[in-house]
Amino acid sequence: MDDFLINALLAGLGIAVLAGPLGSFMVWRRLAYFGDTLAHASLLGVALGLWLQINPVIAVVFSGVMLAVILLSLQRYKQLASDTLLGIMAHSALSLGLVVVALMDNVRIDLMAYLFGDLLAVTQQDLLWIWGGGAVVLAILLSQWNKLLSATVNEQIAEVEGVNVGLMRALLLLLLAVVVAIAMKIVGALIISSLLLIPAATARRLSRSPEQMAVFAIVFGAISVVLGLCLSWYQDTPAGPSVVVCAALQFLLIHSLVKVQK
Amino acid sequence: MTTLLSLNNICVSFDDRMVLDHVSLELNRGQITTLIGPNGAGKSTLIKVILGLISADSGNIARASKLRIGYVPQKISLDESFPLTVERFLKLARHSSKAGLTKVISQLSISRLLDRQMVRLSGGEMQRVLLARALLGEPQLLVLDEPVQGVDISGQIELYQLIADIAQQIGCGVLLVSHDLHLVMAGTDHVICLNHHVCCHGEPESVAQHPEFARLFAQNERQQLAVYTHHHVCDEHDHEHHHPQPSSEENN
């Protein structure tokens, strides 16, 4: 097996491990559209990173955090629903990113690579970001696991019991932003949100506890990565989209085979 | 009687609208206080002030030192996508011990519910489970926001009885919020009628006779209440048919 395929596998599996638990929280808190918006806005982050000459991962995290702050403050007005606001922000940020890139004469970036990623061009440095950054994200997630769950079930009960629910909300958005930033270069902006969403949604059908759902989501994500890369290797299909197609087929299969649990 | 918490002239307004207008009250150990009032009277806001979830614009709150409060919300809007058994939900409580868990499970007889999914519970089962979660922290004050919503009438009576029994067992104070008047008053020591300000307060019978109370609630509801308390007085006491006279405890 070639090096680049092994790197692709390691990168994809790392992202699956991160996406499982965070994607589950995304589903429980109905943040699916937020994840999507985050991914769209990441292109703006990349553009800003190039313009200001800072590390693109950090720039994307920064743009994601800005997005969360803007969303949280806009939500107070309540005149427009969150999904409307997110729709506006997602497409404005994506377009603004494209415009900023076009305005920079000396920069040429491969747009397709940012939208769909390039799993087969993973470098050692990318792997370091995924597994190193990923370990930090997982450590934070595990150390706060019960508090995050409690705040997700009911914020008022959690707050009366002494959990800082505002911090938990911010922490989840921040971790999501970090994971999108780390993963976007590998699997692309349009695909990371499906890797967060689809395995978690698949896992729901089989799970009786939140921990089970997070672990199953990791397993389904990993299977999608392996099958998708195989498809890409043998049939010469684009790697990222192949992974998503496998995840979607898995979702359909599980949901039609397994009956709803009472 | 130990005072657990007292509010003094609490005012809260949202967007220049006065929601709580100089509200003062006292919650005591071993006492069940019922907070009633029409929809939009500021009951939920008052609860949040008491729980410390929002702060008042003016006035002050005195809490007994290290006061442990247990809170039972109206409902929890758990997403269907969240797989959570009753047992796991109870174990999410921040200050729970194994012994405490066993105790509340038997107190509320919910052992058969432990393996059930939270989203599949009926209204009455959900309220018991939420009550159990609140009791895990060994509260000195139990705050319940409309605890009988979605529960049928016989279930409501049972649930109120359960709350009263447990409160007596563990010797905690109880604050109960309700907008319906049919059953709440039976086991209550003290009633506070709220419509942004405290309209009247006192023992159930005296509040039921208060003109402000009559103005706030429809005549037929008041009659049902009167029938019910009358009935209950007969049941529990001397079986003599006398109608309770309004006491002189009311003010404002």
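Small disclaimer: the values here were computed from a predicted structure and weren't measured. (Residues numbered from 1 in each chain as written. Chains lettered and ligands numbered in written order. Predicted model: local features only at pLDDT ≥ 70, side-chain atom pairs only at ≥ 80, totals over all residues. Heavy atoms only, no water.)

Trainee: Would you take a moment to explain the pairing of strand 8 (residues 190–195) of chain B for this structure?
Mentor: Taken residue by residue, a regular strand's side chains alternate between the two faces of the sheet. All names here are of chain B. When you tally the buried positions in strand 8, you get 5 out of 6 residues, the bulk of the element. Where strand 3 (residues 32–36) meets strand 8, 4 bridges bridge the pair, whose relative direction is parallel. Looking at strand 8, one finds that Thr34 is bridged to Val191. Of the strand pairs in this sheet, strand 8 and strand 9 (residues 197–202) are connected by 5 bridges, and their pairing is antiparallel. Bridge pairing in strand 9 places Asn195 opposite His197. Hairpin remark: strand 8 followed by strand 9, antiparallel, with 1 residue in the connecting loop; positive phi at His196, about 70°. (Buried < 20%, exposed > 50% of the residue type's maximum accessible area, 1.4 Å probe, protein only. Helix = DSSP H or I, 4+ residues; strand = E, 2+ residues; numbered from the N terminus. Pairing = 2+ DSSP bridges.)

Trainee: Looking at this model, I keep getting lost on the confidence of the model for chain B. Mind explaining?
Mentor: Close inspection of predicted coordinates is inappropriate for parts of the model with low pLDDT. Confidence in the prediction for chain B averages 81 pLDDT; 82% of positions are at 70 or higher. Contacts for the low-pLDDT stretch residues 230–252 of chain B, under 50 throughout, to residues beyond four places or in other chains number 27 contacts. (pLDDT = per-residue confidence, 0-100. Contact = heavy atoms within 4.5 Å.)

Trainee: Just checking my understanding: could you explain unusual backbone geometry for this structure?
Mentor: Positive phi, close to 55°, is recorded for Arg30 of chain A, a residue that is not glycine. You can see Arg30 of chain A is positioned in the loop between helix 1 (3–28) and helix 2 (32–52). Here Ser109 of chain B, not a glycine, exhibits a phi torsion of approximately 40°, which is positive. Here Ser109 of chain B is to be found in the loop between helix 3 (98–107) and helix 4 (123–135). Among the residues examined, Ser109 of chain B registers a relative accessible area of 48% and is labelled partly exposed.

Trainee: It is not clear to me how the environment of Gly132 of chain A should be interpreted in this structure. Could you clarify?
Mentor: Residue and element names in this part refer to chain A. Note on placement: Gly132 falls in helix 6 (residues 124–143). Given a relative accessible area of 37%, Gly132 falls into the partly exposed group. With 72 residues separating them along the chain, Gly132 and Arg204 place their C-alpha atoms 28 Å apart.

Trainee: Explain the sheet that holds strand 9 of chain B here, please?
Mentor: The pairing of strands in a sheet happens through backbone hydrogen bonds and is either parallel or antiparallel. Residue and element names in this part refer to chain B. Taken in spatial order, the 6 strands of this open sheet run 5-6-7-3-8-9, and their pairing is mixed. Whereas interior strands pair on both sides, the edge strands pair on one side only; in this sheet they are strand 5 (69–72) and strand 9. Each strand axis lies, on average, 15° off the axis of its neighbour in the sheet, ignoring direction. For strand 6 (residues 141–145) and strand 7 (residues 173–178), the ladder comprises 5 bridges, and the chain directions are parallel. The partner of Val143 across the bridge, within strand 7, is Leu175. Sitting on the sheet, helix 5 (residues 153–170) touches strand 3, strand 6 and strand 7, and the angle it makes with strand 7 is about 160°. (Axes fitted to C-alpha atoms, helices over the stretch in contact; angles between N-to-C directions.)

Trainee: Sorry if this is basic, but what is going on with the packing of aromatic side chains here?
Mentor: In this description, a pair of aromatic rings is defined by centroid distance and the angle of the planes. Enumeration over the complete set of coordinates arrives at 5 aromatic pairs over all chains. Judged by centre distance (5.9 Å) and plane angle (50°), the ring pair of Phe4 of chain A and Trp233 of chain A falls under tilted. Residue Phe4 of chain A is located in helix 1, and its partner Trp233 of chain A is located in helix 11 (residues 210–235); the two are separated by 229 residues in the primary sequence. Residue classification places Phe4 of chain A among the partly exposed residues on the basis of a relative accessible area of 35%. Plain terms: the ring middles of Phe216 of chain A and Phe220 of chain A are 6.5 Å apart, the flat faces sit at 35° to each other, and that makes the pair tilted. On the criterion of helical spacing, the pair formed by Phe216 of chain A and Phe220 of chain A is a turn pair, its members being 4 residues apart in helix 11. Phe220 of chain A sits in the buried class, given a relative accessible area of 8%. One aromatic cluster is present, built from ring pairs that chain together Phe25, Trp28 and Trp145 of chain A together with Phe82 of chain B. Here the basic side chain of Arg133 of chain B rests over the ring of Phe89 of chain B, its NZ or CZ set 4.7 Å away from the ring centre. (Phe/Tyr/Trp six-rings, centres within 6.5 Å; stacked < 30°, edge-to-face > 60°. Lys NZ or Arg CZ within 6 Å of the ring centre and 35° of its normal.)

Trainee: Hey, could you run me through the nonpolar core in this one?
Mentor: If you look at soluble globular proteins, the nonpolar side chains tend to sit buried side by side. In this structure, Phe34 of chain A together with Phe89, Leu90, Met118 and Leu131 of chain B are the most contacted members of the largest nonpolar core, which totals 150 residues. When residues in this core are grouped by element, the largest group, 17 residues, is from helix 9 (residues 165–187) of chain A. Ignoring anything within four residues of it in the chain, the contact list for Met118 of chain B reads Ile76, Leu78, Leu84, Thr85, Val86, Phe89, Met126 and Val129 of chain B. Membership of the second largest hydrophobic core comes to 7 residues, among which are Val191, Cys199, Val207 and Phe213 of chain B. (Core = buried A, V, L, I, M, F, W, Y, C linked by side-chain atoms within 4.5 Å.)

Trainee: Whenever I open this one, the packing of helix 11 of chain A against helix 12 (residues 239–257) of chain A confuses me. Can you help?
Mentor: Residues and elements named next belong to chain A. For the pair helix 11 and helix 12, interaxial distance at closest approach is 7 Å and the crossing angle is 130°. Relative to helix 12, the element helix 11 is oriented oblique. By crossing handedness, the relation of helix 11 to helix 12 is classed as right-handed. Between helix 11 and helix 12, the residues in contact are Phe220, Ile223, Ser224, Val225, Leu227, Gly228, Leu229, Leu231 and Ser232 and Ala239, Ser242, Val243, Cys246, Ala247, Gln250 and Ile254, respectively. Of the residues contributing to the contact of helix 11 with helix 12, the split by class is 11 nonpolar, 5 polar and no charged. (Parallel < 35°, antiparallel > 145°, perpendicular 65-115°, else oblique. Left-handed = near helix turned anticlockwise from the far one by under 90°. Nonpolar A, V, L, I, M, F, W, Y, C, P; charged D, E, K, R; others polar.)

Trainee: Mind showing me how you'd approach the packing of helix 3 (residues 56–75) of chain A against helix 9 of chain A here?
Mentor: The relative placement of two packed helices is expressed as an angle between their axes plus a distance between the axes. All names here are of chain A. Orientation of helix 3 relative to helix 9, taken along the N-to-C sense of each, is 145°, at an axis distance of 8 Å. Of the two elements, helix 3 crosses helix 9, and the hand of that crossing is right-handed. Note on element contacts: helix 9 touches helix 3 through Leu173, Leu174, Ala177, Val178, Ala181, Ile182 and Met184, opposite Val57, Val60, Val61, Gly64, Val65, Ala68 and Leu72. When its residues are assigned to classes, the contact of helix 3 with helix 9 shows 13 nonpolar, 1 polar and no charged.

Trainee: Even after reading the chapter, I still don't get the interface of chain A and chain B, so can you show me in this structure?
Mentor: The accessible area lost on association of the parts is a frequent measure of interface size. Taken residue by residue, the interface counts 28 residues in chain A and 27 residues in chain B. When the buried surface of chain A facing chain B is broken down by residue, Val153, Glu161 and Arg208 of chain A rank first, second and third, together holding 27% of it. Seen at the junction of chain A and chain B, the total is 3 salt bridges. The partner of Glu211 of chain A in a salt bridge is Arg88 of chain B, and the shortest N-O contact between them spans 2.6 Å. (Buried area = accessible area lost by both parts, 1.4 Å probe. Salt bridge = Lys/Arg side-chain N within 4 Å of Asp/Glu carboxyl O.)

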